[in-house]
Structure formats: structure tokens, C-alpha cells
Amino acid sequence: MPADGKISLAWQIIMVILIPIAGIWAFYRIKRLQKAFLYIILPQTAITALVFASVFATMPDDESIDSLQSFDEPGKEIEPIVFAITMASSALGLGITALSIYLIIKWSEEWNRRFE
């Protein structure tokens, strides 16, 4: 149920940063869930799918547990493509988090102005 009055900006930010499911509720409270889905949740899901697909594509063909454990052997270098995917997904994840914070602040302030 959307909020009936002013909302706490601090709680909105905490929900978006710390608890992903509560972040969805935070956007719902200010009647911006559809826009949040379009700007945040959908791109984040697509990026996650691409990361999983690319990591699984670079895994060794041998499906034994020993071959999977060889990724963490001391002295073994990380494949450049895996490193690039990891760094790019981390940067995109931080960017989406920053966008989430910006949007929840902007939209929550707009929501609170309605009740002044």
C-alpha cells in the first residue's frame, strides 16, 4: 500500500542499499515501482544474465570438480576475459546502485513535497 503522507528519506535510502526486496517496496511506497522496474530492475537482471552466460561460456569443458577447483590454485593466472567480465559487472553494479540511490532521493523528495 503506498504511503499516505511524508516518508523518511533516510529509511528509503537504507532500504534501497541494504535490502534489495525492501528497495522494491520503497519504490512502491512512492508509486514509482514501474519506473524503477524499467530503469533499475530490468537492466540489472539483463546484466546478471549476461555475466552468468559469459562466465559459464569461459568455464573448462571438463565438468569434473577437480577442473573447477583449478581456478583457485596459487600461481595460476586469471583468464583476461573472466577478469574483464568481473570488473565490468562490478562497475555496472555500482552504477546501478548509484542510480537507485539518486532516483529514490529524487522521487521521495517529490513525494514529500506533495504533503507540504
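Here, every reference points to the structure presented above.
Residues numbered from 1 in each chain as written. Predicted model: local features only at pLDDT ≥ 70, side-chain atom pairs only at ≥ 80, totals over all residues. Heavy atoms only, no water.

A separate point is the overall build of the protein chain. Along the backbone of the protein chain there are 5 helices and 0 strands. Helices (α) and strands (β) of the protein chain occur, in sequence order from the N terminus, as α-α-α-α-α. Out of the 116 residues belonging to the protein chain, those deemed buried represent 22%. Contacts in the protein chain between residues far apart in sequence, at least 24 positions, make up 69% of those at least 6 positions apart. Accessible surface, the protein chain: about 8,200 Å² in total, of which carbon and sulfur atoms supply 67%. (Helix = DSSP H or I, 4+ residues; strand = E, 2+ residues; numbered from the N terminus. Buried < 20%, exposed > 50% of the residue type's maximum accessible area, 1.4 Å probe, protein only. Contact = heavy atoms within 4.5 Å. Areas by Shrake-Rupley, 256 points an atom, 1.4 Å probe, with all protein chains shown as cover.)

The subject of this paragraph is the side chain of S100. Within the fold, S100 resides in helix α5 (residues 80-113). With a relative accessible area of 7%, S100 lands in the buried category. Beyond its immediate chain neighbours, meaning those up to four positions away, S100 contacts V16, F27 and I40.

Right, let's get into the packing of aromatic side chains. Throughout the structure, instances matching the rule amount to 3 aromatic pairs. Taken together, a centroid distance of 5.9 Å and an interplanar angle of 75 degrees make the contact between F27 and W107 edge-to-face. Linking F27 in helix α2 (residues 20-29) with W107 in helix α5, this pair joins segments that are 80 residues apart in sequence. Looking at W107, the relative accessible area reads 6%, which means it is buried. Counting every residue linked through ring pairs, the aromatic cluster contains F27, Y39 and W107. (Phe/Tyr/Trp six-rings, centres within 6.5 Å; stacked < 30°, edge-to-face > 60°.)

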